[in-house]
Amino acid sequence: MLTELADDELMFRDTVRRFARTEIGPYVREMDEAGAFRKDIVKQFFSLGLMGIEIPEEYGGSGGTFFQCILAIEELSAVDPSAGVIVDVQNTIVNNVFLHYASDELKRKYLERLASDTVGSYALSEAGSGSDAFALATTAKDEGDHFVLNGRKLWITNAGESGIFVVFANINPAAGYKGITGFVVERGFDGFTVGKKEDKLGLRASSTCELILDNCRVPRENVIGQIGQGYKIAIETLNEGRIAIGSQMIGLARGALEHAVAYAKQRKQFGKTIGEFQGVQFQLAVMATELEAARLLVYNAARLREAGRPFVAEAAMAKYYASEVAEKVASKSIEIHGGVGITKDCPVEKLYRDAKIGRIYEGTSNIQLMTIAKKLLGK
Ligand SMILES: Cc1cc2nc3c(=O)[nH]c(=O)nc-3n(C[C@H](O)[C@H](O)[C@H](O)COP(=O)(O)OP(=O)(O)OC[C@H]3O[C@@H](n4cnc5c(N)ncnc54)[C@H](O)[C@@H]3O)c2cc1C
């Protein structure tokens, strides 16, 4: 009964579901076309406690669970996967880094802001280091009471809106990945600029930008965790983040399936609704079955993580499979809509474009398969 929710989880899910439908739904197309997410909706994410779900109440957070993050991301993504990724990166990546690795001083300095009014970003990738993330070329020079960071980060989600950035840089490139260290960089720090915003196929309302670090001064106390342990922080955080991308993808697939079912009930051909044709019914049944299988993988990985049990291969399976299912279900939903499906008037056209990223970010499908194979082969 993996998908059975406790009363508090049900209440939380229903609240986010209502909010997504009523407050985000009317603006999805406008935000996609503008390539920008409405600031008033981001403010509502904060006031509803959705930007600090796991942050303890003493820091102004909601004191909730990882599983609630997964439910929130699923519900938001069923309406708009761009909304899903904003809440996803904030909670399961940025806040997660602070909660698990930051000093008490850094927690006091930043968690309240992250829970109440400041969007955060996580900056690992660069032009030359994507799947091979630890080949990053950004450097950090130790200057005693501060570090000087130089380099460029690419593809940074939320960077257009963020005030706080978790940035990975190498303090000793000769030591390879063992020199990688995590730093907290504020938007206003000298030598830090948010660069070009990408013009993307999908998730268009979510900003994805370059970051430029040009002799950027970062105070020594802004090192996250131990010097040289950044690679561990990055791996461990991304392992958890992958479950959340799985959740974004099952939300997206559910949205696409719901649109297909509604259309099949009202569109008439040959004197009947198309939902009366077995050919259409079977397609819907396969979509629902694959979505349920993906949801079981995602919820299982999330429950394992919450119980403190090993979950790395399960998280990789969840992300791999959920992103395959999202793309397939969105594609089938378009087919069930016929010609209407490929027009901008049909919400599934956007969901189909949004689905593509699921197989790419936070580790491509090949990288997930490598993780699963390593476990199988005992490596
Ligand atoms: C919209 C968006 C948002 C993003 N947000 C963030 C963010 O917030 N922070 C951040 O740090 N990064 C972010 N990323 C970066 C993302 O994580 C990388 O794009 C991803 O890890 C892939 O890296 P790459 O694009 O360099 O592709 P590459 O690593 O160049 O991969 C290209 C192809 O080669 C394959 N490949 C590579 N190595 C292997 C191998 N060893 N075996 C088999 N196949 C292989 C890949 O599977 C892929 O198909 C984002 C990216 C996008 C597009």
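Note: the structure precedes this text.
The notes below deal with the structure included here.

Calculation notes
Residues numbered from 1 in each chain as written. Predicted model: local features only at pLDDT ≥ 70, side-chain atom pairs only at ≥ 80, totals over all residues. Heavy atoms only, no water. Helix = DSSP H or I, 4+ residues; strand = E, 2+ residues; numbered from the N terminus. Rg over C-alpha atoms; globule rule 2.2 N^0.38 Å. Buried < 20%, exposed > 50% of the residue type's maximum accessible area, 1.4 Å probe, protein only. Contact = heavy atoms within 4.5 Å. Areas by Shrake-Rupley, 256 points an atom, 1.4 Å probe, with all protein chains shown as cover. Lys, Arg positive; Asp, Glu negative; His and termini not counted. Charge placed at Lys NZ, Arg CZ, Asp CG, Glu CD. Near = heavy atom within 4 Å. Polar contact = N/O pair within 3.5 Å; in protein donor to acceptor, adjacent residues only side chain to side chain. Nonpolar A, V, L, I, M, F, W, Y, C, P; charged D, E, K, R; others polar. Pairing = 2+ DSSP bridges. Core = buried A, V, L, I, M, F, W, Y, C linked by side-chain atoms within 4.5 Å. Axes fitted to C-alpha atoms, helices over the stretch in contact; angles between N-to-C directions. Parallel < 35°, antiparallel > 145°, perpendicular 65-115°, else oblique. Left-handed = near helix turned anticlockwise from the far one by under 90°. Salt bridge = Lys/Arg side-chain N within 4 Å of Asp/Glu carboxyl O.

## Some thoughts on the overall build of the protein
Turning to step 1, where the next piece is worked out: Helices and strands together make up the secondary structure of the protein, namely 11 helices and 10 strands.
Turning to step 2, where the next piece is worked out: In terms of overall dimensions, the protein is globule-like: its C-alpha atoms have a radius of gyration of 21 Å, near the 21 Å expected for 379 residues.
Turning to step 3, where the next piece is worked out: Seen along its three principal axes, the alpha-carbon backbone of the protein occupies a region of about 80 × 50 × 40 Å.
Turning to step 4, where the next piece is worked out: Looking at the protein as a whole, 55% of its 379 residues qualify as buried.
Turning to step 5, where the next piece is worked out: Partitioning the intrachain contacts of the protein with sequence separation of at least 6 by distance along the chain shows that 74% fall at a separation of at least 24.
Turning to step 6, where the next piece is worked out: Split by element, the accessible area of the protein, about 16,300 Å² in all, is 53% carbon and sulfur.
Turning to step 7, where the next piece is worked out: Across the protein, the centroid of the 45 positively charged side chains sits 4 Å from that of the 49 negatively charged ones.

## Concerning the site of the ligand
Turning to step 1, where the next piece is worked out: Contacts to the ligand come from 18 residues, most closely from Ser125, Ser131, Trp155, Thr157 and Thr364.
Turning to step 2, where the next piece is worked out: Residue Ser131 places a side-chain N or O atom 2.6 Å away from an oxygen atom belonging to the ligand.
Turning to step 3, where the next piece is worked out: Residue Thr364 places a side-chain N or O atom 2.6 Å away from an oxygen atom belonging to the ligand.
Turning to step 4, where the next piece is worked out: Coverage of the ligand by the protein amounts to 64% of the 980 Å² it exposes when considered alone.
Turning to step 5, where the next piece is worked out: Looking at the shell around the ligand, the elements with two or more residues in it are strand S1 (120-123), strand S3 (146-157) and helix H11 (365-376).
Turning to step 6, where the next piece is worked out: For the shell around the ligand, the element with the highest residue contribution is S3, accounting for three residues.
Turning to step 7, where the next piece is worked out: Residue classes in the shell around the ligand are distributed as nine nonpolar, seven polar and two charged.

## Things to note about the pairing of strand S7 (residues 208-219)
Turning to step 1, where the next piece is worked out: When S3 meets S7, the two strands line up antiparallel, connected through nine bridges. By the bridge assignment for S7, His146 is matched with Pro219.

## Points about the side chain of Asn158
Turning to step 1, where the next piece is worked out: Note on placement: Asn158 falls in the loop between S3 and strand S4 (164-170).
Turning to step 2, where the next piece is worked out: Taking relative accessible area as the criterion, Asn158 reaches 1% and is therefore assigned buried.

## Observations concerning the nonpolar core
The nonpolar side chains of a soluble globular protein tend to be buried, and buried together.
Turning to step 1, where the next piece is worked out: Counting residues in each nonpolar core, the largest one holds 116 residues, and the members touching the most others are Ile24, Phe45, Phe98, Tyr122, Leu149 and Val185.
Turning to step 2, where the next piece is worked out: When near neighbours in sequence (up to four residues on either side) are disregarded, Ile24 contacts Phe19, Met31, Ile41, Phe45, Leu76, Val79, Asp80 and Ala83.

## Some details on the packing of helix H7 (residues 230-266) against helix H8 (residues 278-306)
Turning to step 1, where the next piece is worked out: Viewed as axis vectors pointing N to C, H7 and H8 meet at an angle of 155°, and their least axial separation amounts to 9 Å. For the element pair H7 / H8, the angle class is roughly antiparallel. Where H7 crosses over H8, the two elements pack in a sense that is left-handed. Packed against H7, whose contacting residues are Glu240, Ile243, Gly246, Ser247, Ile250, Ala253, Arg254, Leu257, Ala260, Val261 and Ala264, the element H8 presents Val280, Leu284, Met287, Ala288, Leu291, Ala294, Arg295, Val298, Tyr299, Ala301, Ala302 and Arg305 at the interface.

## Comments concerning the side chain of Gln90
Turning to step 1, where the next piece is worked out: The residue Gln90 is located in helix H5 (residues 81-101) in this model.
Turning to step 2, where the next piece is worked out: What makes Gln90 buried here is its relative accessible area of 0%.
Turning to step 3, where the next piece is worked out: For Gln90, the side chain forms a polar contact with the main-chain nitrogen of Gly120, separated by 2.8 Å.
Turning to step 4, where the next piece is worked out: Not counting residues up to four positions away in its chain, the partners in contact with Gln90 are Phe46, Met51, Asn95, Leu114, Thr118, Val119, Gly120 and Asn158.

## Topic: the packing of helix H4 (residues 66-79) against H5
Working note: a packed helix pair is described by the angle between its axes plus the distance between those axes.
Turning to step 1, where the next piece is worked out: Their axes nearest at 6 Å, the elements H4 and H5 cross at an angle of 160°. Considered as vectors, H4 and H5 are oriented roughly antiparallel to each other. Between H4 and H5 lies a crossing whose hand is right-handed. Contacts between H4 and H5 pair Phe66, Cys69, Ile73, Leu76, Ser77 and Val79 from the former with Pro81, Ala83, Gly84, Val87, Asp88, Asn91 and Thr92 from the latter.

## Things to note about the pattern of salt bridges
Turning to step 1, where the next piece is worked out: Within the structure shown, the criterion is met by 33 salt bridges.
Turning to step 2, where the next piece is worked out: For Asp32, the salt bridge goes to Arg353, with nearest N and O atoms at 2.8 Å. Of this pair, Asp32 sits in helix H2 (residues 28-34) while Arg353 is found in helix H10 (residues 347-355), placing the two residues 321 residues apart along the sequence.
Turning to step 3, where the next piece is worked out: On the accessibility criterion, Arg353 (11% relative accessible area) is buried.
Turning to step 4, where the next piece is worked out: Of the charged contacts, one joins Arg254 and Glu74 as a salt bridge, the two residues approaching to 3.6 Å between their closest N and O atoms. Pair noted here: Arg254 is in helix H7 and Glu74 is in helix H4, with a separation of 180 residues, a long-range link.
Turning to step 5, where the next piece is worked out: It is possible to trace a salt-bridge network through shared partners that takes in Arg17, Arg21, Glu74, Glu75, Arg254, Glu258, Glu292 and Arg295.

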